[in-house]
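Structural overview
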Amino acid sequence: MNIFAIETSCDETSASVVSNGLKVRSVVISSQIKIHAGFFGVVPELASRAHIENINHVIWRALNNAGINFTDFSQKVDAVAFTSGPGLAGALLVGAIAAKSLACVYKKPLIPVNHLDGHLYSSFIENMSIKLPFLSLIISGGHTELIAVEDFGKYKVLGSTRDDAAGEAFDKAAKMLGLSYPGGPVIDKMAENGNPEAVRFTRPYLKGSWDFSFSGIKTALLNYLKTNPVRNEKQLNNICASFRQAVAETICFKSFEAAKKFNLKRIVLGGGVSANSLIRKIFLETGQKNKIKVFIPSLIYSTDNAAMIGCAAYFRQKKCGLKYDDIQLKPNPSLLLENWRL
Ligand code: KG4
Ligand code: ZN
């Protein structure tokens, strides 16, 4: 089954053709980072406008790269998927309208996909043999979720963030340090040349709960900078390394504790923060030590992309079919991760 998928939930306009959930025949991602960098965060109105400007070209390129054009779309595409939420209202609307237009013109079924489902299944693109059940860890700019996945679309959310999402913590820390947006990749890079033990930031393990909280580490950084203003690059690298270490250790500790507690033998990561090199390393090492298999998507599928939407759409239609009601097809900025309805 060939699914044409569109993702526009935040600041990436992306389209992809995915065959049977795993063969990515094309994926095009147009990033808006340059537009938002000066504001140290995504400006919703600018994001919607940029999606409008980019969407046609991104769709055309994704189809073209997969050897499809507008005359053979009907024969070569079986369904159109799009991110229905959560995300920025205006941004979601652009993707939804594009997907609905294509579905209407070519008389194809539409599959709405929760953005979190996209991250949750992103590792399957490269590893279809991941067995159920597993523990999913979604760490992105907007979410930090620990989910026990019993079956496709059958979830038990164990914990979420109580304040900042993991990516948001990196982005805000970078702003405090005078670094550029998005902060995660910059801190990650600088941390490679720093000493992770230079500053001992708190590890907010929140014993007795599977929730996360990153505002404490962020405040600790702010307080540290008040008395220790950054004077040189070595010091900056050390702070980045120490901050990254605190976030990575906290996420890793809690995830493995949850996997052990719920007897889950697999941990599947997804979301932009899973691109972090230390997080990737310590998850794989801790997994080996504890005999828990760890799956992490390639960098291209860690951050927002439409291939993961095509993959999740494939699993969803396999379980729920191809008919979705108006409410499910309506973009919903605050859509929650929920069990799929048949
Ligand atoms: O999944 P994503 O592309 O968008 C959302 O759904 O939010 O995640 C974006 C987030 C940003 O906060 C960014 O700073 C973070 O992922 N990120 C990273 C790294 N690469 C991206 N955080 C830490 N280390 C990285 N290497
Ligand atoms: Zn995302």
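Here, the structure is the one placed above.
Because the structure is a prediction, the values reported are computed rather than measured.

1. Looking at the coordination of the zinc ion (ligand 2)
Protein-derived coordination of the zinc ion (ligand 2) comes from H115 (NE2), H119 (NE2) and D304 (OD), at a distance range of 2.0 to 2.1 Å. What the four donor atoms of the zinc ion (ligand 2) show is an angle range of 96 to 136° at the metal, which sorts the shape as irregular. Between consecutive donors of the zinc ion (ligand 2), the numbers of intervening residues give the motif H-x3-H-x184-D. Here H119, found in helix α5 (residues 115-121), pairs with D304, found in the loop between α11 (299-302) and α12 (306-320); they are 185 residues apart in sequence, far enough to count as distant. When sorted by exposure, H119 lands in the same class as D304, which is buried.

2. Some details on unusual backbone geometry
Note on backbone geometry: most residues besides glycine have negative phi, and most peptide bonds are trans. Residues G85 and P86 are joined by a peptide bond in cis, for which omega reads -15°. Structurally, the position occupied by P86 is in the loop between β4 (79-85) and α4 (89-106). Of note in this structure, K291 is not a glycine but carries a positive phi near 55°. You can see K291 is positioned in the loop between α10 (277-290) and β10 (293-295). Looking at K291, the relative accessible area reads 71%, which means it is exposed.

3. Quick word on the site of ligand 1
Around ligand 1, the structure places 19 residues, and the nearest of them are G141, D171, G272, N276 and D304. One of the backbone nitrogen or oxygen atoms of G141 is found 2.8 Å away from an oxygen atom of ligand 1. Between an oxygen atom of ligand 1 and a main-chain N or O atom of G142, the distance comes to 3.3 Å. When ligand 1 sits alone it has 560 Å² of accessible area, and the protein chains cover 89% of it. Elements that contribute at least two residues to the shell around ligand 1 include exactly α5, α6 (166-176) and α7 (183-191). Of the residues assigned to the shell around ligand 1, the class counts are five nonpolar, 11 polar and three charged. Both of domain 1 (2-120 + 303-320) and domain 2 (131-296) provide at least three residues apiece to the shell around ligand 1.

4. Structural notes on the pairing of strand β2 (residues 12-19)
Burial of β2 is extensive: eight of the eight residues sit out of reach of the surface. Of the two faces of β2, the one lined by E12, S14, S16 and V18 and the one lined by T13, A15, V17 and S19 are each fully buried. Sheet topology places strand β1 (residues 2-7) next to β2; six bridges connect them, and they run antiparallel. Note on β2: the bridge partner recorded for I3 is V18. Connecting the antiparallel pair β1 and β2 is a turn made up of four residues. Inspection of the sheet shows β2 paired to strand β3 (residues 23-31) by eight bridges, in the antiparallel sense.

Criteria and cut-off values
- Residues numbered from 1 in each chain as written.
- Chains lettered and ligands numbered in written order.
- Predicted model: local features only at pLDDT ≥ 70, side-chain atom pairs only at ≥ 80, totals over all residues.
- Heavy atoms only, no water.
- Donors = N, O, S within 2.8 Å, 3.2 Å for Na, K, Ca; no water.
- Tetrahedral: all angles 85-135°; square planar, octahedral: opposite > 155°, others 65-115°.
- Helix = DSSP H or I, 4+ residues; strand = E, 2+ residues; numbered from the N terminus.
- Buried < 20%, exposed > 50% of the residue type's maximum accessible area, 1.4 Å probe, protein only.
- Near = heavy atom within 4 Å.
- Polar contact = N/O pair within 3.5 Å; in protein donor to acceptor, adjacent residues only side chain to side chain.
- Areas by Shrake-Rupley, 256 points an atom, 1.4 Å probe, with all protein chains shown as cover.
- Nonpolar A, V, L, I, M, F, W, Y, C, P; charged D, E, K, R; others polar.
- Domains from an automatic or database assignment.
- Pairing = 2+ DSSP bridges.

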